[in-house]
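Structure assessment
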Amino acid sequence: MGTDAESFRLAVLNPGGRDLEQHFAESRAPQANQHPPVNFHAYAACTHGTVFREIKRAIASNWPVLLLLRGDFRASERALAELKKSKRTTVVTLKETGAHQIAQQLNDPARFARFVNIVREADGCIATTPEAAELFRSFRTDGIDFIATPYPIEDENWNWAMEHRSGIFVGTRELTVPTRHHFAALLAAKKLSDETKEPVTVFNSDRRRGTKLIVEIGFRKIRVHERRMGYRAYLGEVARHKIVFQLDRSRVPGQVAGDALLCRSVCIGGDGAIERIAFPKTCGEKRSDDDLIEIAQRLLTNEDQRQEVAEEATKIAREKLSFRRGKEHLMRFFADS
């Protein structure tokens, strides 16, 4: 297997997944109908690789494979057996890595046993969070690394910097997931809006229940989005705001912060991997809700401080989270697998 920068490509395999096969060729402008190069697609995109859903197609690529583990792990287990039979270097990763998601997936004995077997049989494990890496280390001692999902921070096609921003964008949207603390974030956003006169924007995925709750909270000025939108349009919406605010404690990979990075914005709150890396002075790690509200109020009213945090986050992202950095990290890992 070649591991030089020119030849290294990664096949990301989600066996039987919903996403269509997608190739990330060099110098290709973003397509509106394709999955954006974020989350697990970013591992393929940063190497100009491909996301596959068919095992045979991944094998035929002759590239090393990153196999996504999801559901009851049966499809993942079958895929690993075929990949090993074809002598394809195969590293695995959990597709859902929030603390609550890991607990839900592994609380069934048969599913847990299947997971442990896969982890031990694979050539290695990539974790999208430090916590997932510790989980993998419970079942094997080598071939494990935490590689944060990279973001195309160096690609001007994904630079959503915007002038004349206003308002608070609430980064979470799920009332039914306790660790998201979405209700608490809404209450905090109202408090911030009342104190700073800044408007609030929220995506409501809970339909009538969410709408009634928002009305009862009594925001002075709020924009509520009920429908999903394409990723680029979504980034355009995020970029209009002074801050992205959340109180998520789910230990997720951190797409809320990743979106903020592409918008050259500021993310406040959240304890995802990207939050902890790119926004160390404003993330939710070891900070109370009151601390985060105080930080948000200060940055909403101080343009210079807000710009300083955004610029520092961009600098960190270029050094640690860019596609260039992601490719280098993946190359080294697979060379040792």
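What counts as what
- Residues numbered from 1 in each chain as written.
- Predicted model: local features only at pLDDT ≥ 70, side-chain atom pairs only at ≥ 80, totals over all residues.
- Heavy atoms only, no water.
- Phe/Tyr/Trp six-rings, centres within 6.5 Å; stacked < 30°, edge-to-face > 60°.
- Lys NZ or Arg CZ within 6 Å of the ring centre and 35° of its normal.
- Axes fitted to C-alpha atoms, helices over the stretch in contact; angles between N-to-C directions.
- Helix = DSSP H or I, 4+ residues; strand = E, 2+ residues; numbered from the N terminus.
- Parallel < 35°, antiparallel > 145°, perpendicular 65-115°, else oblique.
- Contact = heavy atoms within 4.5 Å.
- Nonpolar A, V, L, I, M, F, W, Y, C, P; charged D, E, K, R; others polar.
- Salt bridge = Lys/Arg side-chain N within 4 Å of Asp/Glu carboxyl O.
- Buried < 20%, exposed > 50% of the residue type's maximum accessible area, 1.4 Å probe, protein only.
- Patch = residues over 30% accessible without salt bridge, like charges linked within 9 Å, V, L, I, M, F, W, Y side chains within 5 Å.
- Areas by Shrake-Rupley, 256 points an atom, 1.4 Å probe, with all protein chains shown as cover.
- Lys, Arg positive; Asp, Glu negative; His and termini not counted.
- Charge placed at Lys NZ, Arg CZ, Asp CG, Glu CD.
- Core = buried A, V, L, I, M, F, W, Y, C linked by side-chain atoms within 4.5 Å.
- Pairing = 2+ DSSP bridges.
- Expected span 1.5 Å × (residues − 1).
- Arc of directions from axis to C-beta.

**Describing the packing of aromatic side chains**
A full pass over the atoms with the stated rule returns 11 aromatic pairs. Three or more aromatic residues link up through ring pairs in this structure, and these residues are Phe-73, Phe-112, Phe-115, Phe-136 and Phe-139. One cation-aromatic arrangement involves Arg-232 over Trp-158; the distance from NZ or CZ to the ring centre is 4.7 Å.

**Topic: the packing of helix α12 (residues 289-301) against helix α13 (residues 303-320)**
Remark: α12 packs on α13, axes separated minimally by 5 Å, with the N-to-C direction vectors making an angle of 110 degrees. The orientation of α12 with respect to α13, classified from their angle, is roughly perpendicular. Across the interface between the two elements, Arg-298, Leu-299, Leu-300 and Thr-301 from α12 touch Glu-303, Gln-305, Arg-306 and Val-309 from α13. Partitioning the contact of α12 with α13 into residue classes produces 3 nonpolar, 2 polar and 3 charged.

**A few points about the pattern of salt bridges**
Using the criterion set out here, one finds 20 salt bridges in the structure. Close ionic contact of Arg-114 with Glu-77 constitutes a salt bridge, the shortest N to O distance being 3.9 Å. In this pair, Arg-114 is assigned in helix α5 (residues 109-121) and Glu-77 in helix α3 (residues 74-85), connecting sequence segments 37 residues apart. Residue class for Glu-77 comes out partly exposed when judged on its relative accessible area of 30%.

**Some thoughts on the environment of Trp-160**
Looking at the secondary structure, you find Trp-160 in the loop between β7 (144-146) and β8 (168-170). C-alpha of Trp-160 to C-alpha of His-241: the two residues are 81 residues apart in sequence and 12 Å apart in space. Beyond its immediate chain neighbours, meaning those up to four positions away, Trp-160 contacts Arg-165, Arg-232, Leu-235, Gly-236, Ala-239, Leu-262 and Cys-263.

**Quick word on a negative patch on the surface**
Together, Asp-304, Glu-308, Glu-311, Glu-312 and Glu-319 line one region of the surface with negative charge. Relative to the helices and strands, Asp-304 is located in helix α13.

**Thoughts on the nonpolar core**
By size, the foremost hydrophobic cluster in this structure holds 52 residues, and its most contacted members are Phe-245, Leu-261, Ile-268 and Phe-279. Residue contributions to this core peak at 6 residues, all from α12. Beyond its immediate stretch of four places on either side in the chain, Phe-245 contacts Ile-168, Phe-169, Val-170, Gly-171, Ala-185, Ala-188, Leu-192, Ile-268, Leu-292, Ile-293 and Ala-296. Judged by nonpolar contacts, the second largest core, of 30 residues, contains Leu-13, Ile-55, Leu-69 and Leu-106.

**Quick word on the sheet that holds strand β2 (residues 22-23)**
Two pairing modes exist for strands in a sheet, parallel and antiparallel, and in both the strands are linked by backbone hydrogen bonds. Read across the open sheet, the 7 strands follow the order β2-β3-β1-β4-β5-β6-β7; overall the sheet is mixed. Looking at the sheet topology across the chains shown, the edges are occupied by β2 and β7. When strand β1 (residues 11-13) meets strand β3 (residues 50-52), the two strands line up parallel, connected through 3 bridges. Following the sheet pairing, Val-12 is matched in β3 by Val-51. Together, β1, β4 (65-69) and β5 (90-94) form the strand contacts of α3, whose direction differs from that of β4 by roughly 160 degrees.

**Notes on the pairing of β5**
Counting buried positions along β5 yields 5 of 5 residues, so the element is predominantly enclosed. Of the two faces of β5, the one holding Thr-90, Val-92 and Leu-94 and the one holding Val-91 and Thr-93 are both buried throughout. Looking at chain direction, β4 and β5 are connected through 5 bridges and run parallel. In the sheet register, Leu-68 faces β5, and the bridge partner there is Thr-93. Direction of pairing for β5 relative to strand β6 (residues 124-127): parallel, over a ladder of 2 bridges. By the bridge assignment for β6, Val-91 is matched with Gly-124.

**Remarks on α3**
For α3, built from 12 residues, the straight-helix expectation of 16 Å at 1.5 Å per residue is met to within 8% by its first-to-last C-alpha distance of 17 Å. Here α3 has its buried residues at Ser-76, Ala-79, Leu-80 and Leu-83. Taken end-on, α3 shows its buried residues confined to a sector of 105 degrees, consistent with a single buried face. Seen from the open side of α3, the exposed residues pointing more than 90 degrees away from its buried face are Arg-78 and Lys-85.

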